[in-house]
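So the chains spell out like this:
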Amino acid sequence: MVHNSPVYRKSAKGSEAIATRQHGLGPKMRSMLILVDGKRDLEELTRLAQVLGDPQQFVGQLLHDGFIEQIPATSASESSKPAPARAAATAAASALSLSEAQRFASRRLLALLGPTAEPICLRIEATRTAPDFQASVKSAEGLVRELRGANAAADFAAEMQAHQPAP
């Protein structure tokens, strides 16, 4: 896959900001940072984050503040791996606590569906085990499919696979 626009990934500071919330990012900036995954190019990030305001401005600010970094063109070839291989590699590298996975899922759903996602977000946040979390995420995937289409549901499923809680 050839990228015509740059691909960004979270820096160590960006990953820390998501995990600990210690850097005080606002909700829109934090949502933008969550979308940056090392796979999507700027064009796709801009399309996904239009509801946030000016995604290119957010990316510029995140880059300037050291929360994200551009992936060199040679590393972008990682994006050419099949989605399951990328998701498995990402999942292995970033096992989250259940609460971190719940927050990620809720924020992603709110970014995708807006207030419509609130009931499913509450169910996800109420889960107490990884299997319960996964079952709730599967329900959420169905809702995304129904409201946003198969591609959005597949993207959501891949993101959730990459952000699974540790067993």
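Conventions used here
- Residues numbered from 1 in each chain as written.
- Predicted model: local features only at pLDDT ≥ 70, side-chain atom pairs only at ≥ 80, totals over all residues.
- Heavy atoms only, no water.
- Helix = DSSP H or I, 4+ residues; strand = E, 2+ residues; numbered from the N terminus.
- Buried < 20%, exposed > 50% of the residue type's maximum accessible area, 1.4 Å probe, protein only.
- Contact = heavy atoms within 4.5 Å.
- Areas by Shrake-Rupley, 256 points an atom, 1.4 Å probe, with all protein chains shown as cover.
- Salt bridge = Lys/Arg side-chain N within 4 Å of Asp/Glu carboxyl O.
- Axes fitted to C-alpha atoms, helices over the stretch in contact; angles between N-to-C directions.
- Parallel < 35°, antiparallel > 145°, perpendicular 65-115°, else oblique.
- Left-handed = near helix turned anticlockwise from the far one by under 90°.
- Nonpolar A, V, L, I, M, F, W, Y, C, P; charged D, E, K, R; others polar.

Peer 1: Mind showing me how you'd approach the overall build of the protein here?
Peer 2: Of the regular secondary structure elements, the protein holds nine helices and two strands. Each helix and strand of the protein, ordered N terminal to C terminal, gives the series β-α-α-α-α-β-α-α-α-α-α. Put simply, the protein has 167 residues, and 43% of those count as buried. Look at the contacts in the protein between residues 6 or more apart in sequence, and 66% of them connect residues 24 or more apart. For the protein, the exposed surface amounts to about 8,700 Å²; the carbon and sulfur share of it is 54%.

Peer 1: Can you help me understand the pattern of salt bridges in this one?
Peer 2: Oppositely charged side chains are able to pair whenever their charged atoms sit close together. Per the stated rule, a full pass over the model turns up eight salt bridges. Between R40 and D37 there is a salt bridge, and its shortest N-O distance comes to 3.3 Å. The partner of R40 in a salt bridge is E159, with the nearest N and O atoms 2.3 Å apart. In this pair, R40 sits in the loop between α2 (27-35) and α3 (42-48) while E159 sits in helix α9 (residues 150-162), placing the two residues 119 residues apart along the sequence. An identical accessibility class is assigned to R40 and E159; each is buried. The network of salt bridges with common partners includes D37, R40, E44, R47, R108 and E159.

Peer 1: What exactly am I supposed to notice about the packing of helix α1 (residues 12-20) against α2 here?
Peer 2: When two helices pack together, you describe them by how their axes are tilted relative to each other and by the distance separating the axes. Where α1 contacts α2, the two axes come as close as 10 Å, and the packing angle between them is 120 degrees. Considering the angle they form, α1 stands oblique to α2. The hand of the α1/α2 crossing is left-handed. Two secondary-structure elements touch here, α1 through G14, A17 and I18 and α2 through R30, L33 and I34. Looking at the contact of α1 with α2 residue by residue, the classes come out as four nonpolar, one polar and one charged.

Peer 1: How should the environment of A105 be read in this particular structure?
Peer 2: In this fold, A105 is placed in helix α6 (residues 98-113). A relative accessible area of 0% means that A105 is categorised as buried. With 59 residues separating them along the chain, A105 and Q164 place their C-alpha atoms 9.5 Å apart. Apart from the residues within four sequence positions on either side, A105 is in contact with I124, F133, F156 and M160.

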